Amino acid sequence: MEIDPFIFRLSIFILSIFVGYYVVWSVTPSLHTPLMSVTNAISSVIIVGAIIAALSGSSIEIFNLSNIFGFLAIILAAVNIFGGFLVTQRMLQMYKKKKK
Amino acid sequence: MSANLSAIFYLLSGILFILALRGLSSPETSRKGNYFGIAGMIIAILVTFLSIGNFEVGFVYVIIFLLAGGAIGAFIAFRIPMTAMPELVAGFHSLVGLAAVFVAISAFLKPEAFNLGNIGAIKLASLIEMSLGAAIGAITFSGSIIAFLKLRGIMSGSPITFRGQHFLNLFIGIAIIYLIYYLCVTQSSNIFWSIIVISFVVGVLLIIPIGGADMPVVISMLNSYSGWAAAGIGFTLENSALIITGALVGSSGAILSYIMCKGMNRSFFNVILGGWGATDQTSSSTSKEQKPVKSGNADDAAFLMKNASSVIIVPGYGMAVAQAQHALREMVDLLKKNGVKVSYAIHPVAGRMPGHMNVLLAEANVPYDEVFELEEINNDFANCDVAYVIGANDVTNPVAKSDPQSPIYGMPVLDVEKCKSVLFVKRSLSPGYAGIDNDLFYRDNTLMLFADAKKMTEDIIKGL
């Protein structure tokens, strides 16, 4: 019997939860705010789905309802991607060691 | 680009996201980590373009929308003051949630574009995944909006509770599960829309009973939800980058919520069910008696600190409100010139989000190796001459260690009272968020400095 591809995706999902668990526990508490802003930025990889939605069908279809939702999702995700990574970068630049 | 090749690239971007989080284990590696994250995102977007391979009119629009959103995001990222980070993060979470809802709607309206079957005959597994993704996304969206309004002060931070609230939430939760089941049976679009609308309502109901100082938990929880929503959509789209990221973000938010709850010695459910101190506040104000308090002025404080050999600063949310972090750094610089050893003690739940105080101090150019967590520094208070408590309250209350009757009993607190003298900057004697009196105010070694945190710190600078 063949294994359903869903099971493979579920395996990836569950293993990633474990990876996330161990990686996040190793994050130093002083960087918890950048952690939140960077996780926010990377979860916007949902833009992949938005792009597929926006570009589905032929070019006359781009103003279909489903495509429009795709475009809206692109804007929202793009705000997050740029905003999230840039604000994280801005914060991380501020963490400095004592001048010796 | 073949489906197999793009799947491998998506896996690669997933790995880069893991490295981005791994980088945050220390400030030195964190900046490189952020670049890994950016690289992962660029790979994911490029691979998507190449695998679609459609560079017609639509592609131009996608680029335009992408850059428009990016410009807004970049503008916000550069303009936002560091004190506003909690509401910024809440706002960003709401966008992830809404994007997840929109993608799920697109997939429902045009399933063939995602290889999920046809309208009215969407694959069962995909239907469950997309409706779960949409429901969690909608809860994340409306919940984050409420959190944003509360943090921004547009909505009152006090908990809004009413009778039967928890039963209502439970009932709606069951209703959503039932509707998802019904959706799978009928494939009806009306039910799909109802699930989304009801989930928006749940998000609001879930966050309104939670009070202002519990916001660290709320933000972490919504962070976690936004991850699960992304993972749900990732299953729908059969995209490993999205599944990996969703799982990472989901567990990250869950861990942060756990750390925050532990910092308050409260269970997660206790926080979610809301309304801490909402009832206690009235009872404590009636039983208030006049106890002697020693109060002083900036010159007393300056004198004490100048002659100390070591000072520990305990910042809290009040410092963020008063924007006193820069003045504080100036004061510390002067003390250091006088040969005083200064360090900072940060309670896990100080501020309105995890790590809030650390970012503010970093902004004011405080080196991160002078800033310590509770466990690292708590033993040092006994050997310290002066503790300067600025904008913190409940996290210093010794009652948490001594009085089993107290609502905050068992909460880890900073042992500030063990210092030779304690300088407590506060506007009045009013109780903190927990609604209880702070025993520290009435100790012999405590000197109350009644003023705005920033003003007092500036006056002390003059006194030095």
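Details of the structure are given in the entry above.
Residues numbered from 1 in each chain as written. Chains lettered and ligands numbered in written order. Predicted model: local features only at pLDDT ≥ 70, side-chain atom pairs only at ≥ 80, totals over all residues. Heavy atoms only, no water.

## Here we look at the overall build of chain B
Each helix and strand counted, chain B has 18 helices and eight strands in total. Against the compact-globule benchmark of 23 Å for 464 residues, chain B has a radius of gyration of 25 Å, which places it among compact chains. Reported as C-alpha extents along the three principal axes, the dimensions of chain B are approximately 75 × 50 × 30 Å. With 464 residues in all, chain B has 58% of them scored as buried. Taking the contacts inside chain B whose residues are at least 6 apart along the sequence as the reference set, 77% of them involve residues at least 24 apart. Charged side chains in chain B number 29 positive and 31 negative. The centres of these two groups are separated by 2 Å. (Helix = DSSP H or I, 4+ residues; strand = E, 2+ residues; numbered from the N terminus. Rg over C-alpha atoms; globule rule 2.2 N^0.38 Å. Buried < 20%, exposed > 50% of the residue type's maximum accessible area, 1.4 Å probe, protein only. Contact = heavy atoms within 4.5 Å. Lys, Arg positive; Asp, Glu negative; His and termini not counted. Charge placed at Lys NZ, Arg CZ, Asp CG, Glu CD.)

## Details of the nonpolar core
In this structure, Ile313, Phe381, Tyr388 and Ile460 of chain B are the most contacted members of the largest nonpolar core, which totals 187 residues. For isoleucine 313 of chain B, the residues in contact, after removing those within four places along its chain, are Leu328, Met331, Val332, Val342, Ser343, Tyr344, Ala345, Tyr388 and Ile390 of chain B. Counting five residues, the second-largest nonpolar core is a separate cluster that includes Phe13 of chain A together with Ala231, Phe235 and Ile243 of chain B. (Core = buried A, V, L, I, M, F, W, Y, C linked by side-chain atoms within 4.5 Å.)

## Here we look at the sheet that holds strand β3 (residues 310-315) of chain B
Residues and elements named next belong to chain B. Taking strand neighbours across the sheet as the criterion, the six strands line up as β5-β4-β3-β6-β7-β8 in an open arrangement whose pairing is parallel. Pairing within the sheet leaves two strands with one partner each, and these edge strands are β5 (371-373) and β8 (446-450). The sheet shows a mean angle of 25° between the axes of neighbouring strands, taken without regard to direction. In the sheet, β3 pairs with strand β4 (residues 341-346) via four bridges, with the strands oriented parallel. For isoleucine 312, the partnering residue across the bridge sits in β4 and is serine 343. Against the sheet, helix α12 (residues 298-306) contacts β3, β6 (386-390), β7 (421-426) and β8, and its axis sits at roughly 145° relative to β7. Against the sheet, helix α18 (residues 453-463) engages β6, β7 and β8, with an angle of about 145° to β6. (Pairing = 2+ DSSP bridges. Axes fitted to C-alpha atoms, helices over the stretch in contact; angles between N-to-C directions.)

## Quick look at the side chain of serine 106 of chain B
Tracing the backbone shows serine 106 of chain B in helix α4 (residues 85-109). Residue class for serine 106 of chain B comes out buried when judged on its relative accessible area of 1%. In this structure serine 106 of chain B touches Ala53, Ser66, Phe69 and Gly70 of chain A together with Phe114 of chain B, once residues within four positions along its chain are discounted.

## Some words on a nonpolar patch on the surface
A cluster of nonpolar residues, Ile14, Phe18, Tyr21, Tyr22 and Trp25 of chain A together with Tyr258 of chain B, forms a patch on the protein surface that exposes about 670 Å² of accessible area. Examining the composition of the nonpolar patch, we find that five residues originate from one element, helix α1 (residues 5-25) of chain A, more than from any other. Within the secondary structure, tryptophan 25 of chain A is located in helix α1. Tryptophan 25 of chain A sits in the partly exposed class, given a relative accessible area of 37%. (Patch = residues over 30% accessible without salt bridge, like charges linked within 9 Å, V, L, I, M, F, W, Y side chains within 5 Å. Areas by Shrake-Rupley, 256 points an atom, 1.4 Å probe, with all protein chains shown as cover. Salt bridge = Lys/Arg side-chain N within 4 Å of Asp/Glu carboxyl O.)

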